[in-house]
Amino acid sequence: MSMERQCYWRCDDPSQNIKEAGLFFTIYYLFRIFKELNPRLFKKQYNGRPRIYTPDIMLPFVCWGHMNDIISCRDLEKWWRRNDDTCNIFLDCKKPGKSSINEFLNDFS
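All figures in this text were calculated on a predicted structure; none of them were measured in a lab. (Residues numbered from 1 in each chain as written. Predicted model: local features only at pLDDT ≥ 70, side-chain atom pairs only at ≥ 80, totals over all residues. Heavy atoms only, no water.)

Colleague: Would you mind going over the environment of Trp64 with me for this structure?
Modeller: Residue placement: Trp64 occurs in helix α2 (residues 55-67). For the pair Trp64 and Ile27, spaced 37 residues apart in sequence, the C-alpha to C-alpha distance is 7.8 Å. (Helix = DSSP H or I, 4+ residues; strand = E, 2+ residues; numbered from the N terminus.)

So, in C-alpha cells, the structure goes:
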C-alpha cells in the first residue's frame, strides 16, 4: 500500500500581525543605524564560548520591552514565550532565557 503526500508551504510576512508596525520598524531601523555608527559599543571580548545572544540582538529587544512597560527579565522571557511577532523579529527567532537577559542587562547597563 503506497501513500502519496503533498506538502503545502506558504510564506507569510512575519510583520503582518504587528499592530504598531510604523513605530516598530522605526525602532528596528534606528537600532540598525546606531549599530553601524557605533560598532565599537557592540564588540566586547568574552572569555570562553562565543555568545549566542549578542548585544545587537538583545539591545533592541530589551528597549522595545521597556517601551511596552515590560521591564523585568522574567516578564521579558514570558513575553517572547507568548510568541509575539515583534520579539521574533528582534531576536531573529532565538529564544533567550531569563539568565541570558539578566546577563545582558548587567554587562551592558
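Colleague: Is there a simple way to explain the packing of helix α3 (residues 73-81) against helix α5 (residues 98-107) in this structure?
Modeller: Between two packed helices, both the angle of their axes relative to each other and the distance between the axes serve to describe the pair. Across the interface, α3 lies against α5 with an axial gap of 9 Å and an inter-helix angle of 130°. Accordingly, the angle class assigned to the pair α3 and α5 is oblique. Crossing of α3 against α5: the hand is right-handed. For the pair α3 and α5, contact is made by Cys73, Arg74, Leu76 and Glu77 and by Lys98, Ile101, Asn102 and Leu105, respectively. Here the residues of the contact of α3 with α5 are counted per class, giving four nonpolar, one polar and three charged. (Axes fitted to C-alpha atoms, helices over the stretch in contact; angles between N-to-C directions. Parallel < 35°, antiparallel > 145°, perpendicular 65-115°, else oblique. Left-handed = near helix turned anticlockwise from the far one by under 90°. Contact = heavy atoms within 4.5 Å. Nonpolar A, V, L, I, M, F, W, Y, C, P; charged D, E, K, R; others polar.)

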